Amino acid sequence: MKTCILLIAHAPLASALRACALHVFPECESEVLALDVPAYAQPAEMREAARALIAHTRSTQVLLLSDVPGATPCNVARGLVDGERVRLVTGVNVPMLLRAVNYREEPLPQLVERALAGGVQGIVPVAEDTCGNESLR
């Protein structure tokens, strides 16, 4: 069974990240969900919206990915974590998301490690001469 990945982030980031994932993995439309948290959203209402999304998935495990640690979307997600079926990783970026989607068939603890590694490994300094922009000078 594949893990459901639920993005919970400041609007419109969750939907934008989902669109990125579907661009690379179009077959995962039902397994990658998004909840955009608008400014001034009530956390309790957003948590209920997230629960409704999770309830409609057939997955037995859920990986929550949020954007900013300690911000409202992360706090909403924290209220859903049970440590077994539902886990949370915050600080989501595109490499983290793509790694998680790619390995969504793995058990949840390993998937969390894959997501963390993808997020960290996706942040690298790039030298000017390796960007292919030399002709622009």
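Structure first, text after, so check above.
Residues numbered from 1 in each chain as written. Predicted model: local features only at pLDDT ≥ 70, side-chain atom pairs only at ≥ 80, totals over all residues. Heavy atoms only, no water.

(A) Region of the structure containing the pattern of salt bridges. Within the structure shown, the criterion is met by five salt bridges. The closest approach of N and O atoms between Glu 105 and Lys 2, which form a salt bridge, is 3.7 Å. Here Glu 105, found in the loop between helix H4 (94-102) and helix H5 (108-121), pairs with Lys 2, found in the segment before strand E1 (4-10); they are 103 residues apart in sequence, far enough to count as distant. Given a relative accessible area of 59%, Glu 105 falls into the exposed group. Several salt bridges share partner residues, and in doing so they unite Glu 27, Glu 31 and Arg 104 into one network. (Salt bridge = Lys/Arg side-chain N within 4 Å of Asp/Glu carboxyl O. Helix = DSSP H or I, 4+ residues; strand = E, 2+ residues; numbered from the N terminus. Buried < 20%, exposed > 50% of the residue type's maximum accessible area, 1.4 Å probe, protein only.)

(B) Representation of the pairing of strand E2 (residues 32-37) within the structure. Across six bridges, the pairing between E1 and E2 is parallel. Along E2, the bridge assignment pairs Ile 5 with Val 32. On the question of chirality, the crossover connecting E1 to the parallel E2 by way of helix H1 (residues 13-24) is right-handed. (Pairing = 2+ DSSP bridges. Right-handed = clockwise from strand over helix to strand, strands pointing away.)

(C) Quick peek at the environment of Ala 115. By the secondary structure assignment, Ala 115 is in helix H5. Not counting residues within four places of it along the chain, the set of residues in contact with Ala 115 comprises Leu 63, Met 96, Arg 99 and Ala 100. (Contact = heavy atoms within 4.5 Å.)

(D) Broad picture of the side chain of Thr 3. Along the chain, Thr 3 turns up in the segment before E1. The exposure class assigned to Thr 3 is buried, which follows from its relative accessible area of 0%. A polar atom in the side chain of Thr 3 sits 2.6 Å from the side chain of Gln 61. (Polar contact = N/O pair within 3.5 Å; in protein donor to acceptor, adjacent residues only side chain to side chain.)

(E) Local environment of the packing of H1 against H4. Where H1 contacts H4, the axes come no closer than 10 Å and their chain directions differ by 50 degrees. Accordingly, the angle class assigned to the pair H1 and H4 is oblique. Considering only the axes of H1 and H4, their crossing is right-handed. Residues Leu 17, Cys 20, Ala 21 and Val 24 of H1 pack against Val 94, Leu 97, Leu 98 and Val 101 of H4. Among the residues making up the contact of H1 with H4, the classes are represented as eight nonpolar, no polar and no charged. (Axes fitted to C-alpha atoms, helices over the stretch in contact; angles between N-to-C directions. Parallel < 35°, antiparallel > 145°, perpendicular 65-115°, else oblique. Left-handed = near helix turned anticlockwise from the far one by under 90°. Nonpolar A, V, L, I, M, F, W, Y, C, P; charged D, E, K, R; others polar.)

(F) Broad picture of the sheet that holds E1. Read from one edge to the other, the open sheet built from four strands follows the order E2-E1-E3-E4, with strand pairing classed as parallel. The outermost strands of the open sheet, each flanked by one partner alone, are E2 and strand E4 (86-90). Averaged over all pairs of adjacent strands, the angle between strand axes in this sheet comes to 20 degrees, irrespective of strand direction. In this fold H4 packs onto E1, E2, strand E3 (62-66) and E4, with an angle of close to 160 degrees to the strand it touches most, E1. Packed onto the sheet, H5 meets E3 and E4 and runs at close to 10 degrees relative to E4.

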